[in-house]
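# Remarks on the overall topology
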Amino acid sequence: QVDLVESGGGMVQAGGSLRLSCIASGNTINIKTMGWYRQAPGKEREVVATISNDGSSNYATFVKGRFTISRDNAKNTVYLQMNSLKPEDTAVYYCNAVVQRLGSLRLYDYWGQGTQVTVSS
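Scope of this entry: the structure provided in the associated data block. (Residues numbered from 1 in each chain as written. Predicted model: local features only at pLDDT ≥ 70, side-chain atom pairs only at ≥ 80, totals over all residues. Heavy atoms only, no water.)

### Describing the sheet that holds strand E7 (residues 67–72)
Spatial strand order, E1-E3-E8-E7: four strands in an open sheet with antiparallel pairing. Whereas interior strands pair on both sides, the edge strands pair on one side only; in this sheet they are strand E1 (2–7) and E7. In this sheet, neighbouring strand axes are inclined to one another by 15° on average, regardless of whether the strands run parallel or antiparallel. Pairing geometry for strand E3 (residues 18–26) and strand E8 (residues 77–82), over six bridges, is antiparallel. From the neighbouring strand, isoleucine 23 faces E8, where its bridge partner is threonine 77. (Pairing = 2+ DSSP bridges. Helix = DSSP H or I, 4+ residues; strand = E, 2+ residues; numbered from the N terminus. Axes fitted to C-alpha atoms, helices over the stretch in contact; angles between N-to-C directions.)

### Let's talk about the environment of valine 119
Following the sequence through the fold, valine 119 ends up in strand E11 (residues 115–120). The class for valine 119 is buried, based on a relative accessible area of 6%. Each C-alpha atom, one on valine 119 and one on glycine 15, is 8.7 Å from the other, the two residues being 104 residues apart in sequence. Not counting residues within four places of it along the chain, the set of residues in contact with valine 119 comprises Val12, Gln13, Ala14, Leu85, Lys86, Pro87, Asp89 and Thr90. (Buried < 20%, exposed > 50% of the residue type's maximum accessible area, 1.4 Å probe, protein only. Contact = heavy atoms within 4.5 Å.)

### So, the pattern of salt bridges
The final tally for this structure, using the stated rule, is three salt bridges. Of the charged contacts in the structure, one is a salt bridge between glutamate 46 and arginine 38, with a shortest N-O distance of 3.0 Å. Judged by relative accessible area, which is 6%, arginine 38 ranks as buried. Here aspartate 89 and arginine 66 are joined by a salt bridge, their closest N and O atoms 2.7 Å apart. Of the two residues, aspartate 89 sits in the loop between E8 and strand E9 (91–100) while arginine 66 sits in the loop between strand E6 (57–59) and E7, which places them 23 residues apart along the sequence. (Salt bridge = Lys/Arg side-chain N within 4 Å of Asp/Glu carboxyl O.)

### Structural notes on the packing of aromatic side chains
On inspection of all chains with the given rule, the structure shows one aromatic pair. Here the guanidinium or amino end of arginine 45 rests over the ring plane of tryptophan 111, the centre of that ring lying 4.7 Å away. (Phe/Tyr/Trp six-rings, centres within 6.5 Å; stacked < 30°, edge-to-face > 60°. Lys NZ or Arg CZ within 6 Å of the ring centre and 35° of its normal.)

### Examining unusual backbone geometry
Although it is not a glycine, lysine 64 adopts a positive phi angle of roughly 50°. Its place among the elements puts lysine 64 in the loop between E6 and E7. One non-glycine residue, asparagine 76, lies in positive phi territory at about 55°. Among the structural elements, asparagine 76 can be located in the loop between E7 and E8.

### A word on the side chain of threonine 77
Along the chain, threonine 77 falls in strand E8. Taking the relative accessible area as the measure of exposure, threonine 77 reaches 6% and is therefore buried. At 2.9 Å, the side chain of threonine 77 forms a polar contact with the backbone oxygen of lysine 75. Among residues more than four places away in sequence, those in contact with threonine 77 are Cys22, Ile23, Ser70, Arg71 and Asp72. (Polar contact = N/O pair within 3.5 Å; in protein donor to acceptor, adjacent residues only side chain to side chain.)

This is a description of form; function is not addressed.
Right, dumping it as structure tokens:
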């Protein structure tokens, strides 16, 4: 079992910055990948960025170098630094963890409650 709690969302003007945090608790040793997803009203949830245990990261094309994902294993925390925010970045942002349990080849997804990010023009 893994619990995820996000924080850092809010309202900013276009061009501003926000730093999202996600604290993981529980069986964190089994976490393989963590990431950030977002969902805007009327749209499907989409991946923003992911980071693996070895520190390798991947980003959605719409990020275009504006966002940075990082991970602090000692604190069981993943961050998303968002710069040069645009109105189209407005969405609920969710923290995700992919877990592989001992003795199993199956992967399990865990999700946080989400944090609202609103960018005004």
